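Here's the letter readout for the chains.
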Amino acid sequence: MCHKNNITRPLYDKGNESATDFAYALALYRRGFIRTEIYNRIIQERQDWRNHAGEQKKIHYLTRTLLKAEKIIG
């Protein structure tokens, strides 16, 4: 069984949706996930999108968040 799939967003809850997304993205990158997989997992697992209402805002937010995480991971 592959342990990289045992990770879920609530494990990285920081009490703030954006901080949680960022921590979760970092954890997923460190486990070898690619951008598309991470993007899809956040979309599926995050419940509260009121700060990024609308599809374009959501896409822009996630792209920015994932690029920031990628810079840290290298």
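Here the structure is shown first, and the text comes after it.
Residues numbered from 1 in each chain as written. Predicted model: local features only at pLDDT ≥ 70, side-chain atom pairs only at ≥ 80, totals over all residues. Heavy atoms only, no water.

J.: With reference to specific residues and values, describe the overall build of the chain.
T.: Each helix and strand in the chain was counted, giving 3 helices and 0 strands. Sequence-ordered secondary structure for the chain, helices as α and strands as β, is α-α-α. Its C-alpha atoms put the chain at 35 × 25 × 20 Å along the principal axes. Within the chain, the fraction of its 74 residues that count as buried is 35%. Put simply, of all contacts in the chain between residues at least 6 apart along the chain, 50% involve residues at least 24 apart. For the chain, the accessible area works out to roughly 4,900 Å², and carbon and sulfur atoms hold 52% of it. Where the 14 positive side-chain charges of the chain centre and where its 8 negative ones centre are 5 Å apart. (Helix = DSSP H or I, 4+ residues; strand = E, 2+ residues; numbered from the N terminus. Buried < 20%, exposed > 50% of the residue type's maximum accessible area, 1.4 Å probe, protein only. Contact = heavy atoms within 4.5 Å. Areas by Shrake-Rupley, 256 points an atom, 1.4 Å probe, with all protein chains shown as cover. Lys, Arg positive; Asp, Glu negative; His and termini not counted. Charge placed at Lys NZ, Arg CZ, Asp CG, Glu CD.)

J.: Now, about the nonpolar core: what can you tell me, with residues and values included?
T.: Ile38 and Ile42 are the most contacted members of the largest nonpolar core, which has 18 residues in total. Only α1 (17–30), α2 (35–45) and α3 (55–73) provide two or more residues apiece to this core. The element that contributes the greatest number of residues to this core is α1, accounting for 8 residues. Other than its neighbours up to four places away in sequence, Ile38 contacts Ala25, Leu28, Tyr29, Phe33 and Leu66. (Core = buried A, V, L, I, M, F, W, Y, C linked by side-chain atoms within 4.5 Å.)

J.: For the packing of α2 against α3, give the residues involved together with the corresponding values.
T.: Their axes nearest at 11 Å, the elements α2 and α3 cross at an angle of 130°. Judged by the inter-axis angle, α2 sits oblique to α3. The interaxial crossing formed by α2 with α3 has right-handed handedness. Taken together, the residues of α3 that come into contact with α2 (itself represented by Arg35, Ile38, Tyr39, Ile42 and Ile43) are Lys58, Ile59, Leu62, Leu66, Leu67 and Glu70. When grouped by side-chain class, the residues that make up the contact of α2 with α3 number 8 nonpolar, no polar and 3 charged. (Axes fitted to C-alpha atoms, helices over the stretch in contact; angles between N-to-C directions. Parallel < 35°, antiparallel > 145°, perpendicular 65-115°, else oblique. Left-handed = near helix turned anticlockwise from the far one by under 90°. Nonpolar A, V, L, I, M, F, W, Y, C, P; charged D, E, K, R; others polar.)

J.: How would you sum up the side chain of Arg46? Please name residues and give values.
T.: Mapped onto the elements of the fold, Arg46 is located in the loop between α2 and α3. Among the polar contacts listed, one links the side chain of Arg46 to the side chain of Tyr61, at a separation of 3.4 Å. Setting aside anything within four residues of it in sequence, one finds Arg46 in contact with Arg9, Glu17, Asp21, His52 and Tyr61. (Polar contact = N/O pair within 3.5 Å; in protein donor to acceptor, adjacent residues only side chain to side chain.)

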